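# Report on the structure
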Amino acid sequence: MAAETSFSIFASALGWVLAVARGGELICLENRESREDCETARARRFAEAGNDPEAPPLAETQKQLDEYFAGSRRAFDLPLGVFTPAGGTEFQRSVWGELLRIPFGTTKSYGEIARALGRPGGARAVGLANHDNPIGVIIPCHRVIGADGSLTGYAGGLPMKRRLLELEGALPARLDFESR
């Protein structure tokens, strides 16, 4: 029998959030501009999901995000359901695992992550895996910047990436806000 999929849509300090859980593990966290955007994304990707904000770990996810945005939480402690073969490719999962090792308040470049994974020429592949990160903020892909310190692509948009880095105090002095 397949595990039940549940979702919650809620407001946060950075807009609206779609959180999806299956079998007690968080499998998706997306920031969106509006509640309607969240509902559209949910209907497209998780049509089978039931609206149950109390399903584990959805209520705890909202609580921890609120604490993070309030500045009282630096690390998340949630069960993540993306580190199985169904969650992504082996390479994607290795990148997401490496993202979880980037400490609050710091950044790494795509190339640094590629080198840490033993793929020194794999910066673009790291970028693609970053793009496919299903659990934004909690798996901190916003902490990855260009080798020159520039802000580069972020699924939630560069203004949101900048706000997350500002919240964490992680903006290097050389960061170029206008690029890309």
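Conventions and cut-offs
- Residues numbered from 1 in each chain as written.
- Predicted model: local features only at pLDDT ≥ 70, side-chain atom pairs only at ≥ 80, totals over all residues.
- Heavy atoms only, no water.
- Helix = DSSP H or I, 4+ residues; strand = E, 2+ residues; numbered from the N terminus.
- Buried < 20%, exposed > 50% of the residue type's maximum accessible area, 1.4 Å probe, protein only.
- Contact = heavy atoms within 4.5 Å.
- Salt bridge = Lys/Arg side-chain N within 4 Å of Asp/Glu carboxyl O.

Mapped onto the elements of the fold, Lys 161 is located in helix H6 (residues 158–168). Taking relative accessible area as the criterion, Lys 161 reaches 0% and is therefore assigned buried. Through-space distance from the C-alpha of Lys 161 to that of Ile 145 is 9.8 Å; in sequence the pair is 16 residues apart. Excluding its chain neighbours within four sequence positions, the residues that come into contact with Lys 161 are Tyr 110, Cys 141, His 142, Val 144, Ile 145, Leu 151, Thr 152, Gly 153 and Tyr 154.

A few words on the pattern of salt bridges. All told, the structure shown has nine salt bridges when counted by the stated rule. One salt bridge in this structure joins Arg 22 and Glu 48, with 3.4 Å as the shortest N-O distance. Of this pair, Arg 22 sits in strand S2 (residues 15–22) while Glu 48 sits in the loop between helix H1 (35–45) and strand S4 (50–51); the two residues are 26 residues apart in sequence, bridging distant segments of the chain. Via salt bridges that share partners, Glu 60, Lys 63, Glu 67 and Arg 73 belong to a single interconnected network.

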